[in-house]
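Inside the fold
The primary structure of each chain is shown beneath.
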Amino acid sequence: MIPIFFLATLCLGIITAAPTRDSSLDAEWHEWKTSHGKTYSMSEEGQKRAVWESNRKMIELHNKEYVSGKHGFSLEMNAFGDLTNTEFRALMTGFQSLGPQEMSVFQEPLLGDVPKSVDWRQHGYVTPVKNQGKCGACWAFSAVGSLEGQMFRKTGNLTPLSEQNLMDCSWSYGNLGCDGGLMGPAFQYILENRGLDTGASYAYEARNGPCRYDSKYSAANVTGFVKVPLSEDALMKAVATVGPISVGIDTHHHSFRFYKGGMYYEPDCSSSNLDHAVLVVGYGEESDGRKYWLVKNSWGEKWGIGGYIKMAKDRNNNCGIATYAIYPTV
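Residues numbered from 1 in each chain as written. Predicted model: local features only at pLDDT ≥ 70, side-chain atom pairs only at ≥ 80, totals over all residues. Heavy atoms only, no water.

Attention now moves to the overall build of the protein chain. Tallying secondary structure elements over the protein chain gives 8 helices and 12 strands in all. For the protein chain, the proportion of contacts with a sequence separation of at least 24, taken over those separated by at least 6, is 78%. (Helix = DSSP H or I, 4+ residues; strand = E, 2+ residues; numbered from the N terminus. Contact = heavy atoms within 4.5 Å.)

By the secondary structure assignment, Trp-32 is in helix α1 (residues 26-35). When the C-alpha positions of Trp-32 and Gly-81 are compared, they lie 9.1 Å apart, and in sequence the two are 49 residues distant. If we skip the residues at most four places from it in the chain, Trp-32 touches Lys-38, Tyr-40, Trp-52, Met-77, Asn-78, Ala-79, Gly-81 and Asp-82.

Even without being glycine, Asp-314 reaches a positive phi, approximately 60 degrees. Following the sequence through the fold, Asp-314 ends up in the loop between β11 (308-312) and β12 (325-329). Judged by its relative accessible area of 38%, Asp-314 falls in the partly exposed class. The backbone of Asn-317 shows a phi angle near 55 degrees, a positive value even though the residue is not glycine. Tracing the chain through its elements places Asn-317 in the loop between β11 and β12. (Buried < 20%, exposed > 50% of the residue type's maximum accessible area, 1.4 Å probe, protein only.)

Here the focus is the side chain of Ser-142. In this fold, Ser-142 is placed in helix α4 (residues 138-155). Since its relative accessible area comes to 2%, Ser-142 is described here as buried. In this structure the side chain of Ser-142 is engaged in a polar contact, spanning 2.7 Å, whose partner is the backbone oxygen of Val-278. (Polar contact = N/O pair within 3.5 Å; in protein donor to acceptor, adjacent residues only side chain to side chain.)

Written out as structure tokens, the structure reads:
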């Protein structure tokens, strides 16, 4: 049986800090700190600067290779530039294994071909990109995203729902708030709780807190949840016929953390060692024939393509995008 992991968010390859500082980068370093609101103590400054320089060199090398045609996507320095891989994963990931769960299995449609491309954003199923901050709650954002889409499908109303409600109230189902969780137990909590509050009534705080669910602010419920079989073809049919689907992926590599744009394919990605939860909102094909999954992340609009990433499709389940795919029924 395929292992199921907990998700949270952010990962990479280990970066070693350079012992010396490149003074020619002083202005760029200060500009980066200002643009991302970074402040450090005197003891932190040197170490953070070294990590930032190491990440910057890696990004620069990757982009030179991108220009030469070695990669299909580019990277850019972003707010994660002062974090080592270890720090990044401690803050932003948490996809840990749970025992098997009882759930329905997606039944592929028997008749008709699925569209060549789908983008549920164009049909009102998807709320604006959110930002989980320094909290491993990607699992809650992924679960909420697929539920928001299904509630829109049912009611015609797109209402942002509360990730914080899931973080604070689903501990008894195995979730750990900022320290990780999984979408299946999140849906089980909503099912047994008979509701989930709106995001406006139960605001996101990027930290664990006491359960404050109030049924009068509930705007969604679930009747169950469905696991999509481990197959990119099955995932495509589910996305085409159901709507946005919650998935787990491997984001251990620096290439994901600093993704800027293009078609993301990471040959060293794992299809089983998943550490981050995201939302597949569609799929498509570039003019050169390369196929992609359109994926909504929860790291804010400044990451990637306005908060989204195009991940390689039909390339042997790259990064495990079809390994753990699930959606709620409403």
